[in-house]
Amino acid sequence: MFETEAEMTELQELLERSMSGAGGHLTTIVTGERTLNAHQVTTYLQGVKHVSLGTVNSRGEPIVAPVDGWFLHGKFIVSTAGDALRVKHMRRTPAVSACHLDGDNIGIWVHGKATILANDDPLVQEYDRAATAAYGSSPFTFGENIVVTRIDPRVMFAYAFVPSKYPESAPKG
């Protein structure tokens, strides 16, 4: 896990604040008994997770595409080619949503603002180390002008049909 105690506290507060402002329909499904806490979220989201990333085009239309997502320091990180349409969208309109789902088992989603990071940002370096370990080579070798984006959440929801299946820490050993 990459999160500090302060980041874990911030994530837990975000999850609680998000649920307290959730609409009636959402709270009939994502009940208190079916939410995950910050420790469960960070444990589950270790390594690469596929997410659907939603951006907004120039006509104000939502566009969703799958990307590899990483959860570092309490925030989703995604990367793609700098000439990808989603990068153009995020540069013009940084409002984004990202969602990771595994059927009815678990869903973690966030709505917020995309921040495109400079390649010398410490978070980019941390992402590069984690992704290189997972992929066997740096994502920056996958093409020219790779862009790394942090999603700064406005709200975040974490649902599990059976939360007890998602431990608060990784098994030792």
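Throughout what follows, the structure given in this document is the object of discussion. (Residues numbered from 1 in each chain as written. Predicted model: local features only at pLDDT ≥ 70, side-chain atom pairs only at ≥ 80, totals over all residues. Heavy atoms only, no water.)

1. Quick notes on the overall build of the chain
Piece 1. Of the regular secondary structure elements, the chain holds 5 helices and 6 strands.
Piece 2. A principal-axis box enclosing the C-alpha atoms of the chain has dimensions of 45 × 45 × 30 Å.
Piece 3. Scored against the burial criterion, the 173 residues of the chain give a buried share of 43%.
Piece 4. Of the accessible surface of the chain, which amounts to about 9100 Å², a share of 54% is contributed by carbon and sulfur atoms.
Piece 5. Looking at the chain, you have 15 positive and 19 negative side-chain charges, and the mean spots of the two groups are 6 Å apart. (Helix = DSSP H or I, 4+ residues; strand = E, 2+ residues; numbered from the N terminus. Buried < 20%, exposed > 50% of the residue type's maximum accessible area, 1.4 Å probe, protein only. Areas by Shrake-Rupley, 256 points an atom, 1.4 Å probe, with all protein chains shown as cover. Lys, Arg positive; Asp, Glu negative; His and termini not counted. Charge placed at Lys NZ, Arg CZ, Asp CG, Glu CD.)

2. Notes on the nonpolar core
Piece 1. Core analysis: the largest hydrophobic core is formed by 30 residues, its most contacted members being Leu 11, Val 41, Phe 76, Ile 108 and Met 156.
Piece 2. Residue contributions to this core peak at 5 residues, all from strand S6 (residues 146–160).
Piece 3. When near neighbours in sequence (up to four residues on either side) are disregarded, Val 41 contacts Leu 11, Leu 15, Leu 36, Phe 71, Ile 108, Met 156 and Ala 158. (Core = buried A, V, L, I, M, F, W, Y, C linked by side-chain atoms within 4.5 Å. Contact = heavy atoms within 4.5 Å.)

3. Side note on helix H5 (residues 122–135)
Piece 1. When the terminal C-alpha atoms of H5 are compared, their 20 Å separation across 14 residues agrees well with the 20 Å that a helix rising 1.5 Å per residue should span.
Piece 2. Along H5, the residues classified as buried are Leu 123, Val 124, Glu 126, Tyr 127, Asp 128, Ala 130 and Ala 131.
Piece 3. Contact partners of the buried residues in H5: strand S2 (62–72), strand S3 (75–81), strand S5 (106–117) and S6.
Piece 4. If you check the start of H5, you find a side-chain oxygen 2.7 Å away from the backbone N of Leu 123, and it comes from Asp 121.
Piece 5. At the exit of H5 stands Gly 136, carrying a positive phi of roughly 90°. (Expected span 1.5 Å × (residues − 1). Polar contact = N/O pair within 3.5 Å; in protein donor to acceptor, adjacent residues only side chain to side chain.)

4. Observations regarding the environment of Leu 11
Piece 1. Take Leu 11: it is sitting in helix H1 (residues 5–20).
Piece 2. Considered as a pair, Leu 11 and Gly 74 are 63 residues apart in the sequence and their alpha carbons are 6.1 Å apart.
Piece 3. Setting aside residues up to four positions removed in sequence, Leu 11 forms contacts with Ala 38, Val 41, Thr 42, Phe 71, Gly 74 and Met 156.

5. Overview of the pattern of salt bridges
Should their charged atoms come close, side chains of opposite charge can pair.
Piece 1. Following the criterion strictly, the structure yields 3 salt bridges and no others.
Piece 2. Measuring nitrogen to oxygen at the nearest pair gives 2.5 Å for the salt bridge that ties Asp 152 to Arg 150. (Salt bridge = Lys/Arg side-chain N within 4 Å of Asp/Glu carboxyl O.)

6. Brief notes about the pairing of strand S1 (residues 49–56)
Piece 1. Taken together, the 8 bridges between S1 and S2 define a ladder with antiparallel strand orientation. Across the sheet, the residue bridging to Ser 52 is Pro 66, located in S2.
Piece 2. In this structure, the hairpin formed by S1 and S2 is closed by a connection of 5 residues, where Gly 60 is found at a positive phi of approximately 80°.
Piece 3. Where S1 lies against strand S4 (residues 95–102), 3 bridges are found, and the strand directions are antiparallel. For Ser 52, the partnering residue across the bridge sits in S4 and is Cys 99. (Pairing = 2+ DSSP bridges.)

7. Examining the packing of aromatic side chains
Piece 1. Enumeration over the complete set of coordinates arrives at 6 aromatic pairs.
Piece 2. Ring geometry for Phe 71 and Phe 76: centres 5.1 Å apart, planes at 70°, overall edge-to-face.
Piece 3. Its relative accessible area of 6% is what places Phe 71 among the buried residues.
Piece 4. On the basis of relative accessible area, Phe 76 is assigned to the buried category, the value being 3%.
Piece 5. Three or more aromatic residues joined by ring pairs make a cluster, and in this case those are Trp 70, Tyr 127, Tyr 135 and Phe 142.
Piece 6. Between the NZ or CZ atom of Lys 49 and the centre of the ring of Tyr 44, over which it lies, the distance is 4.1 Å. (Phe/Tyr/Trp six-rings, centres within 6.5 Å; stacked < 30°, edge-to-face > 60°. Lys NZ or Arg CZ within 6 Å of the ring centre and 35° of its normal.)

8. Overview of the sheet that holds S1
Piece 1. Overall, antiparallel pairing links the 6 strands, which are arranged S1-S2-S3-S6-S5-S4 in a closed barrel. Taken over all neighbouring pairs, the strand axes of this sheet differ in orientation by 40° on average, direction set aside.
Piece 2. Direction of pairing for S2 relative to S3: antiparallel, over a ladder of 4 bridges. Counterpart to Phe 71 in the pairing with S3 is Phe 76.
Piece 3. On top of the sheet, H5 reaches S2, S3, S5 and S6; it is set at about 90° to S2, its chief contact. (Axes fitted to C-alpha atoms, helices over the stretch in contact; angles between N-to-C directions.)

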